Protein chains: 2
Amino acid sequence: MEQTKFILSEKEIPTKWYNVQPDLPEPLPPLLHPGTKEPTILPPPLFPASLNEQEFSKERYIEIPEEIQQIYRLWRPTGLYRALRLEKALGTPAKIFYKYEGSSPAGSHKLNTAVPQAYYAKKAGAKRLATETGAGQWGSALAMGCNFMGLECKVYMVKVSYFQKPYRRVLMEVFGAKVVPSPSQDTQIGRKILAEDPDSSGSLGIAISEAVEDAFGRDDTFYSLGSVLNHVLMHQTVIGMETMKQLEMAGAYPDIIVGCIGGGSNFAGMFLPFVPDKLKGKKIQIIAVEPEACPTVTKGPYAWDYGDVAGMAPIAKMYTLGHSFVPPPVHAGGLRYHGMAPIVSLCQKLGIIETRAVAQTAVFKSAVQFARSEGIVPAPEPSHAIKVVIDEALKCKESGQKKTIVLALSGHGHFDLGAYDEYLSGKLADYPYPEQKIKEALAKLPEVKR
Amino acid sequence: MEQTKFILSEKEIPTKWYNVQPDLPEPLPPLLHPGTKEPTILPPPLFPASLNEQEFSKERYIEIPEEIQQIYRLWRPTGLYRALRLEKALGTPAKIFYKYEGSSPAGSHKLNTAVPQAYYAKKAGAKRLATETGAGQWGSALAMGCNFMGLECKVYMVKVSYFQKPYRRVLMEVFGAKVVPSPSQDTQIGRKILAEDPDSSGSLGIAISEAVEDAFGRDDTFYSLGSVLNHVLMHQTVIGMETMKQLEMAGAYPDIIVGCIGGGSNFAGMFLPFVPDKLKGKKIQIIAVEPEACPTVTKGPYAWDYGDVAGMAPIAKMYTLGHSFVPPPVHAGGLRYHGMAPIVSLCQKLGIIETRAVAQTAVFKSAVQFARSEGIVPAPEPSHAIKVVIDEALKCKESGQKKTIVLALSGHGHFDLGAYDEYLSGKLADYPYPEQKIKEALAKLPEVKR
């Protein structure tokens, strides 16, 4: 029987995070203050100094504190699997491997950064963290992170999701978090919006503003972000470093690495550790996949833009559809972000990675094929990557090439079965390319003279 | 750092199932035909001959066919974990280990038998399997098993659950199963019940009758049962055999093994491989845990009773509350069975195991403590066992004894968060001991002269 699983011992969990910044051929552009448009650090009332240091560090490796390593051991190292049954179903000579982060108790990769963010906040004397969540993936990861560190956690959850996805809310509460539907009565901005529109169903932009106001207003509270920022991407590099070791066990090296991008942290965690090899001449094709309905990298410019809808967050150089762009309600909630992590954006700009956009009905078709072959029901987000993995494996079938393809499978779809139901009952549709809305949003990019 | 995980390579997955029958101090009483009350085999129109052979086999080990081993590799071997954070939270000198079956794609141990049942049905020429499901755990496991073997799967799902737990239904459909709410229009018995009561919310008894009728009526279809029978328990022994190897890696041997019992298959899978050691004189306390609301072993007699509500299934010697007993609607749907596996019953009778009953509010309190310590949100069923593990660990704290406690953690609670919500919001209650209903049901036991 061929080997299916490549399993590391817990002694082989990385003890350092990998920071790609010193290895990039060009330095990252700075973050700019949203008011002055001058280079800025992460605002100190919102982030502990230690995370700000990590954000701009030029050290190649940063030690993972022992307390974090001990908690990583609850679910790390995660498995690397050979998708033998999928290969057979496709009739491809390609070897397909997937690195599965859905076995974390939060069900996704998000916990890899939630734990360190809670740790550094506690070290800096905080008692609480405040954050926003859309569909609830990030909120439940941070709830667990705070629980493990003995911090309180306040989650502003977009109101429509709060009522549509009660299980995600309950999961956060099991871990002791306080969850409120946003807009809420707990902040000035929330009260203002509710006064104007008591039936507001909320948005991620509003929820961010509430969490930021909460953290600004209290000495004991930091704000926490689940993607996009450099330190968040760095915390995720444990994924790629483990994968390298596991592929070695399998006697394999990737020809193609595929992952989905929303804010960019999951896929960056996978591919960044392979960047030095690629820069040294190794032929690795690194393919990021985004939704056609929110085609940030494939259709947006590389430009200066605000990180948030309200224009209160720092300005970053990144691929963007404009901070005021509101994507259609595709089921992959985690991929509905107007911008892209600055590091991922620079890698795209420099040709280190390439990006493709796919439509959600094709994505769910691939997800069902994956589930029926491998048993795992994938979340809608990584199912975007599965679609491209299958495409590439079928190309190998035509050409006869035995490529090694590695998939970043960032989470399970246990809380997304409503979307599968829509697909299976033939009710799922694709959204037309939102050309006009993107055009309008791009007209509102901030003016930056640099 | 102390070791948290004890991980086997896939080469160490057992290649044989363990059959306890030749090692039991007394032979198992026979199954009796419900009509003649004479010893019977498993009815051939319902079960393939190979499973009937396994049911009554006196061989100590039965080879696991390679095709099944290959599919087991999708999730086996499962992890054995040291609950270091729970130990610390309790301040106990006890060592707590848990064997986690929730990492299977079906989310529980049920897949260990669903795959072989589908395999043997296919070998015997079947094209379809029919089964019933209550909350959906068994149905989703069998849907996956059939999918892997290329069989059709028809699931009669108790109507109230069909509408209350749509995610479980969708999960089965993702794997290609046909799911209908029971009572359905697809069987005579279903149509009859609907004619009398169009609003019938169904029951497991009705769903069993529909699945049995379906399998009886078609040459291409077998019936499949998820617990209770000897061959089902045997398929689960991979759990205990892996656990033995993993404890050896940890340099530990159990003083106490704890698991929940509904039909008995999950816990039997864990403890049966330890029975020979115990019979040879090893001091292992084996504790089964059941709900106070359905106290089959702690309050029922060891008696002859039908396996099903309608009295159409074979009669077995077992602990029972009477086949007509309908337990209160506790959240641990998997523990709401009037009887108990004959093998588990005989082990209790012979003093090999002992049984305790616990109430569901205490169970959920323990479940939340476990989740906050270990990250995993347990299903309500194994949370019964967690309650007793915590009790025993606290006894060790008092006595200073460093006992090794092993918990059979049979599944996750991702689809049970509604129950957690009830508990966290203070709405969960305990049911009074259903004394009168048990008395009435016990009065209806079949008369058997043996």
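Below you will find a few notes about this structure.

Calculation rules
- Residues numbered from 1 in each chain as written.
- Chains lettered and ligands numbered in written order.
- Predicted model: local features only at pLDDT ≥ 70, side-chain atom pairs only at ≥ 80, totals over all residues.
- Heavy atoms only, no water.
- Helix = DSSP H or I, 4+ residues; strand = E, 2+ residues; numbered from the N terminus.
- Rg over C-alpha atoms; globule rule 2.2 N^0.38 Å.
- Buried < 20%, exposed > 50% of the residue type's maximum accessible area, 1.4 Å probe, protein only.
- Contact = heavy atoms within 4.5 Å.
- Areas by Shrake-Rupley, 256 points an atom, 1.4 Å probe, with all protein chains shown as cover.
- Lys, Arg positive; Asp, Glu negative; His and termini not counted.
- Charge placed at Lys NZ, Arg CZ, Asp CG, Glu CD.
- Pairing = 2+ DSSP bridges.
- Axes fitted to C-alpha atoms, helices over the stretch in contact; angles between N-to-C directions.
- Parallel < 35°, antiparallel > 145°, perpendicular 65-115°, else oblique.
- Nonpolar A, V, L, I, M, F, W, Y, C, P; charged D, E, K, R; others polar.
- Phe/Tyr/Trp six-rings, centres within 6.5 Å; stacked < 30°, edge-to-face > 60°.
- Lys NZ or Arg CZ within 6 Å of the ring centre and 35° of its normal.
- Least-squares fit on C-alpha atoms with pLDDT ≥ 70 in both.
- Buried area = accessible area lost by both parts, 1.4 Å probe.
- Salt bridge = Lys/Arg side-chain N within 4 Å of Asp/Glu carboxyl O.
- Polar contact = N/O pair within 3.5 Å; in protein donor to acceptor, adjacent residues only side chain to side chain.

### Thoughts on the overall build of chain A
Tallying secondary structure elements over chain A gives 19 helices and 15 strands in all. Radius of gyration (C-alpha) of chain A: 21 Å, near the 22 Å computed for a compact globule of 450 residues. Seen through its C-alpha atoms, chain A measures out along the principal axes to roughly 60 × 50 × 50 Å. A burial count over chain A gives 64% of its 450 residues as buried. Within chain A, counting contacts between residues at least 6 apart in sequence, those at least 24 apart form 76% of the total. Entry remark: accessible area of chain A is about 16,100 Å², with carbon and sulfur atoms responsible for 51%. Taking the average place of the 50 positive charges on the side chains of chain A and the average place of its 47 negative ones, the gap between the two points comes to 4 Å.

### Observations regarding the pairing of strand β6 (residues 128–133) of chain B
All names here are of chain B. Of all six residues making up β6, six are buried, and the element is well covered by its neighbours. Here β6 shows no split at all, with Arg 128, Ala 130 and Glu 132 on one side and Leu 129, Thr 131 and Thr 133 on the other all buried. Relative to strand β9 (residues 221–223), β6 runs parallel, the two being bridged by three bridges. Bridging across to β9, Ala 130 finds its partner in Tyr 223.

### Regarding the pairing of strand β10 (residues 256–260) of chain A
Residues and elements named next belong to chain A. By the criterion of burial, β10 is predominantly enclosed, with five of the five residues buried. Neither face of β10 is left uncovered, since the one carrying Ile 256, Val 258 and Cys 260 and the one carrying Ile 257 and Gly 259 both have all their residues buried. Here five bridges tie β10 to strand β11 (residues 285–291), and the two strands are oriented parallel to one another. The residue bridging Ile 257 from the neighbouring strand is Ile 286, located in β11. In terms of strand pairing, β10 meets strand β15 (residues 404–409) through three bridges, oriented parallel.

### What about unusual backbone geometry?
Cis geometry is found at the peptide bond from Arg 76 of chain B to Pro 77 of chain B, where omega equals -10°. Tracing the backbone shows Pro 77 of chain B in the loop between α2 (66–72) and β4 (80–82). Residue Ser 182 of chain B is joined to Pro 183 of chain B through a cis peptide bond whose omega torsion reads 10°. Looking at where Pro 183 of chain B falls in the secondary structure, it is placed in the loop between β8 (178–182) and α8 (188–196). Backbone geometry at Val 228 of chain A places phi at a positive 70°, although glycine is not the residue there. Looking at where Val 228 of chain A falls in the secondary structure, it is placed in the loop between β9 (221–223) and α10 (230–235).

### Quick look at the packing of helix α5 (residues 137–149) of chain B against helix α7 (residues 166–174) of chain B
Between two packed helices, both the angle of their axes relative to each other and the distance between the axes serve to describe the pair. Residue and element names in this part refer to chain B. The interhelical angle for the contact between α5 and α7, taken along N-to-C directions, is 10°, at an axis separation of 8 Å. When the axes of α5 and α7 are compared, the pair comes out roughly parallel. Contacts between α5 and α7 pair Gln 137, Gly 139, Ser 140, Ala 143 and Met 144 from the former with Arg 168, Leu 171 and Met 172 from the latter. Its residues placed into classes, the contact of α5 with α7 shows four nonpolar, three polar and one charged.

### Things to note about the packing of aromatic side chains
One pass over the structure, following the stated rule, counts 26 aromatic pairs over all chains. On the basis of an interplanar angle of 75° and a centroid distance of 5.0 Å, the ring pair of Tyr 162 of chain A and Phe 163 of chain A is categorised as edge-to-face. Arranged with centres 6.2 Å apart and planes meeting at 75°, the rings of Tyr 253 of chain A and Phe 274 of chain A form a pair that is edge-to-face. Taken as a pair, Tyr 253 of chain A in the loop between α11 (238–249) and β10 and Phe 274 of chain A in the loop between α12 (265–271) and α13 (275–279) lie far apart in primary sequence, 21 residues in all. With a relative accessible area of 1%, Phe 274 of chain A lands in the buried category. One aromatic cluster is present, formed by Tyr 81, Tyr 98 and Phe 370 of chain A through successive ring pairs. In this structure, Lys 282 of chain B packs its charged tip against the face of Tyr 253 of chain B, placed 4.2 Å from the ring centre. For the cation-ring pair, Lys 299 of chain B lies above Tyr 433 of chain B, with the distance from its terminal atom to the ring centre recorded as 4.8 Å.

### Regarding the relation of the copies chain B and chain A
When chain B is brought onto chain A, the operation consists of a screw motion whose angular component is 180° and whose axial shift is 0.0 Å, with 0.0 Å RMSD remaining. The operation mapping one copy onto its partner corresponds to a two-fold rotation axis. The overlap is high: 100% of the interface residues of chain B also sit at the interface in chain A, so the same surface is used on both sides.

### Considerations on the sheet that holds β6 of chain B
Residues and elements named next belong to chain B. Sheet architecture is open: four strands sit in the order β8-β7-β6-β9, paired in parallel fashion. Here the strands that pair on one side only, and so sit at the sheet edges, are β8 and β9. Shown here is a sheet whose adjacent strand axes are inclined to one another by a mean of 25°, direction ignored. Where strand β7 (residues 152–158) lies against β8, five bridges are found, and the strand directions are parallel. Note on β8: the bridge partner recorded for Met 157 is Pro 181. Packing against the sheet, α5 makes contact with β6 and β7, and its axis sits at approximately 165° to β6.

### Details of the interface of chain B and chain A
Listed per partner, the contact involves 49 residues of chain B and 49 residues of chain A. In total, chain B and chain A occlude about 4,200 Å² of area from one another, counting both sides; carbon and sulfur atoms represent 59% of this. Of the charged contacts in the structure, one is a salt bridge between Asp 421 of chain A and Arg 169 of chain B, with a shortest N-O distance of 3.1 Å. Counting across the chain B and chain A interface gives 20 residue pairs in polar contact (both at pLDDT 80 or more). Of all the secondary-structure elements, those providing two or more residues to the side of chain B that touches chain A are α2, α3 (84–90), α5, α7, α16 (360–374) and α18 (417–424) of chain B.

### Regarding the sheet that holds β10 of chain A
All names here are of chain A. Read across the sheet, seven strands follow the order β1-β4-β5-β15-β10-β11-β14 without closing on themselves; strand pairing throughout is mixed. Whereas interior strands pair on both sides, the edge strands pair on one side only; in this sheet they are β1 (5–6) and β14 (354–358). In this sheet, β15 lies alongside strand β5 (residues 95–100) in parallel orientation, the contact comprising six bridges. Within β15, the position partnered with Tyr 98 by the bridge is Leu 407. Across the sheet, α11 touches β1, β4 (80–82), β5 and β15, and the angle it forms with β5 is around 140°.

### Some details on the pattern of salt bridges
In total, this model carries 40 salt bridges over all chains according to the counting rule given. Put simply, Lys 387 of chain A and Asp 391 of chain A hold a salt bridge, and the shortest N to O gap is 2.8 Å. Linking Lys 387 of chain A with Asp 391 of chain A, this pair stays in helix α17 (residues 380–399), spanning four residues, or about one helical turn. Among the residues examined, Lys 387 of chain A registers a relative accessible area of 17% and is labelled buried. Asp 391 of chain A gets classed as partly exposed once you look at its relative accessible area, which sits at 27%. As a salt-bridge pair, Arg 356 of chain B and Glu 392 of chain B come within 2.7 Å of each other at their nearest N and O atoms. Taken as a pair, Arg 356 of chain B in strand β14 (residues 354–358) and Glu 392 of chain B in helix α17 (residues 380–399) lie far apart in primary sequence, 36 residues in all. The exposure class of Glu 392 of chain B is buried, given its relative accessible area of 4%. What emerges from the salt-bridge pattern is a single network uniting Arg 76, Lys 99, Glu 101 and Glu 242 of chain A.

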